[in-house]
Structure formats: structure tokens, C-alpha cells
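# Chain and residue survey
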Amino acid sequence: TDPPNPVCRLRGGRRASLLAAKDRDWLQAWLGLNTRDQMRRPLNSDQLGKKGESRFAELCVDAGLTVNPSTWDRKGWDFIVQWGHAPTLAALDQRPAPLSCHVQVKTIWRKTRSIRLRLSSVEHLAKELRPAFIYVLKTDDDLTFGQAAIAHLSSEFLAHILKALRQASAANTP
């Protein structure tokens, strides 16, 4: 059978539970939730973020990349990732600089469907001269990583950020 609707909307968008305690227990069991363990996550958001950042750095090292963390994360990026010099026959002083990029790492629980970014932070990434990416890791409740995705701040994504900045400026809310 389908579970009952667990919440209703109140005036002003507030939500209230429609279920008695025994019905909540049934709903949690139906959804496969352990009432004590899964209702409370094993890590808080800071710990989860640190876990994802550690995993990202590990993946970069495994790929032979140099990964440099931000020591004071206030500008929207967690890492600068650098590649080695491309092979060339040119004199060392004439070879191009190696590739590098800024990366913001976001780690979320598997069932989470979105990430949150501060507009002021993503503005720094959007205006960065180096390529910039947002790397999203999804973790299960047993703390294993299940999925990852990467988004390059370009094209439609960049246009969306710039539009949000214009709207914030027009509303006078930087």
C-alpha cells in the first residue's frame, strides 16, 4: 500500500506532520529508514564536506595531478588542480604554462537532489581566469561514495550565474 501523506502545508509555507507517532514509525519502516540511525546522519555537513574534499584530493593524486587546497575557503574554491608540463621539443623557457583549474567540491548524501552555493562564492569562480569546476560527490549512509559528477562553469551554467548576479545587483542585494 502507498504511505499516507506525511506533511501538510500551512499558511506561509510552514509544514506540519499529519501522522501520529505510530504512523511515523510505520512510514519510516516502509521507506526503509531506521528511526534512530538514519534519521540522524553519521556525519554533520562540515565532516561530510571534509570527507569529500579528502576523496577528491586522493583521486587527483591517483591521476598524477598536483592538487593544492585552499587554506582559507572564502573565495568559492577548494582546490587548484595542476597538470604537469606537456612534452615538447621547445626550449624550457618557451614551453607553455601547464594547465590548471579551480575546483569547488560539494559532498552530499545520496538522496539529496541539489547543492547549495552562495552567490558571492560562485561569483569568484565564474569570474576566475582559469577554468573552474564544481565537483559533486554523493555518499551513502554507510559513508561509501556512490556517484560523482563534475560541472564546468561555462555556457548555460555560467549564463545562469551571471543572470543571478545581475538580478541581485538590480535588487541591490550583493
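Its location among the elements puts Thr107 in strand E5 (residues 100-109). With sequence-adjacent residues up to four places away left out, Thr107 is seen in contact with Leu48, Gly49, Gly52, Glu53, Leu137, Thr139 and Phe145.

With that out of the way, let us pick up the pattern of salt bridges. Applying the stated criterion to the full structure yields five salt bridges. Glu53 serves as the salt-bridge partner of Lys50, at 3.9 Å between the closest nitrogen and oxygen. Taken as a pair, Lys50 and Glu53 lie in helix H2 (residues 45-62) at a separation of three residues, close to a single helical turn.

For the rest of this paragraph, the subject is the packing of aromatic side chains. Scanning the model with the defined rule gives two aromatic pairs in all. Taken together, a centroid distance of 5.2 Å and an interplanar angle of 40 degrees make the contact between Phe56 and Phe79 tilted. Separated by 23 residues along the polypeptide, Phe56 in helix H2 and Phe79 in strand E4 (residues 79-82) bring together distant segments of the chain. Phe79 carries the same exposure label as Phe56, and that label is buried. Taking the centre distance of 5.1 Å and the plane angle of 55 degrees together, the rings of Phe56 and Tyr135 count as tilted.

Taking 1.5 Å per residue as the helical rise, H2 with its 18 residues ought to reach 26 Å, and the 26 Å between its terminal C-alpha atoms agrees with that figure. Turning to H2, its buried residues are Leu48, Gly52, Phe56 and Cys60. One side of H2 carries all its buried residues, which in axial view fall inside an arc of 110 degrees. Turned more than 90 degrees off the buried face of H2, the exposed positions are Asp46, Lys50, Val61 and Asp62. Close packing links the buried residues of H2 with strand E3 (66-69), E4, E5, strand E6 (132-139) and strand E7 (145-152). The N-cap residue of H2 is Asn44: its side-chain oxygen and the backbone nitrogen of Asp46 are 3.0 Å apart.

Turning to the confidence of the model for the protein chain, a few remarks are in order. Scored by pLDDT, the protein chain comes out at a mean of 81, with 76% of its residues at no less than 70. Long-range and interchain partners of residues 30-38, a stretch whose pLDDT sits below 50, account for ten contacts in this model, where long-range means more than four residues apart.

This part is about the state of the cysteines. Applying the stated criterion across every chain yields a total of zero disulfides. Looking at Cys60, it has no disulfide partner, and the nearest cysteine sulfur is the one in Cys101, 7.8 Å off. Accessibility expressed as a relative area gives 6% for Cys60, which makes it buried. The exposure class of Cys101 is buried, given its relative accessible area of 5%.

Counted residue by residue, E5 has nine buried out of ten residues, so it is predominantly covered. Pairing geometry for E4 and E5, over four bridges, is antiparallel. Its bridge partner lying in E5, Val81 is registered against Cys101. Of the pairings in the sheet, the one linking E5 to E6 comprises eight bridges and is parallel in character. Along E6, the bridge assignment pairs Trp109 with Thr139. Regarding topology, helix H3 (residues 119-126) serves as the crossover connection from E5 to the parallel E6, and that connection is right-handed.

What counts as what
Residues numbered from 1 in each chain as written. Predicted model: local features only at pLDDT ≥ 70, side-chain atom pairs only at ≥ 80, totals over all residues. Heavy atoms only, no water. Helix = DSSP H or I, 4+ residues; strand = E, 2+ residues; numbered from the N terminus. Contact = heavy atoms within 4.5 Å. Salt bridge = Lys/Arg side-chain N within 4 Å of Asp/Glu carboxyl O. Phe/Tyr/Trp six-rings, centres within 6.5 Å; stacked < 30°, edge-to-face > 60°. Buried < 20%, exposed > 50% of the residue type's maximum accessible area, 1.4 Å probe, protein only. Expected span 1.5 Å × (residues − 1). Arc of directions from axis to C-beta. Polar contact = N/O pair within 3.5 Å; in protein donor to acceptor, adjacent residues only side chain to side chain. pLDDT = per-residue confidence, 0-100. Disulfide = S-S within 2.5 Å. Pairing = 2+ DSSP bridges. Right-handed = clockwise from strand over helix to strand, strands pointing away.

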